[in-house]
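# Structural features, examined
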Amino acid sequence: SSKMLPSPQVFRLREMRQTLQCANYTGHQDTAVRWDLAQAIPGQFDVSGTFTIKCSYDVTPPAKLQLNMNRGDPVLQLAKGSQIPQDRIASIH
C-alpha cells in the first residue's frame, strides 16, 4: 500500500467576520472573508484579498428569515501589494 500525501493548497480562507445590526424584526448582516490564492505554485500564495457581502434582513411570522442583497453589495477587493489574478473569471467562481 502507498501513503497518500496531502495535496498542497491552491485556495484558502483565512478569516470570516460577521456583524449584525438588529432592530426588532429587521436589520443588517455584513459578512467579510479574507482569502488567498496560489496561482503558479500550490502552497505559495501570491493573490489575496477580501470578499464582502452586505444584506438586509426581515423576520416575519412564523419565524421566516428573508435576506435581501442588492446587486452592488458583493465586493471582491484585492489586498494591498497582491498580484492581480491571471484568470479573473475563474477567481470569482
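Residues numbered from 1 in each chain as written. Predicted model: local features only at pLDDT ≥ 70, side-chain atom pairs only at ≥ 80, totals over all residues. Heavy atoms only, no water.

On to the overall build of the protein chain. Along the protein chain, the regular secondary structure elements total 1 helix and 5 strands. Going from the N terminus to the C terminus, the protein chain shows its helices and strands as β-β-β-β-β-α. Buried positions account for 19% of the 93 residues belonging to the protein chain. Nonlocal contacts in the protein chain, meaning residues at least 24 apart in sequence, comprise 43% of its contacts between residues at least 6 apart. (Helix = DSSP H or I, 4+ residues; strand = E, 2+ residues; numbered from the N terminus. Buried < 20%, exposed > 50% of the residue type's maximum accessible area, 1.4 Å probe, protein only. Contact = heavy atoms within 4.5 Å.)

Quick look at unusual backbone geometry now. The omega torsion across Pro61 and Pro62 is -5°, close enough to zero to call that bond cis. With respect to the element layout, Pro62 can be found in the loop between β3 (47-60) and β4 (64-68). Of note in this structure, Ala63 is not a glycine but carries a positive phi near 65°.

Looking now at the pattern of salt bridges. Overall, the coordinates contain 3 salt bridges when judged by the stated rule. Of the charged contacts in the structure, one is a salt bridge between Arg12 and Asp36, with a shortest N-O distance of 2.8 Å. Placement of Arg12 in strand β1 (residues 11-23) and of Asp36 in strand β2 (residues 26-37) is noted, with a sequence separation of 24 residues between them. Accessibility expressed as a relative area gives 3% for Asp36, which makes it buried. (Salt bridge = Lys/Arg side-chain N within 4 Å of Asp/Glu carboxyl O.)

Nothing here speaks to function; it is all geometry.
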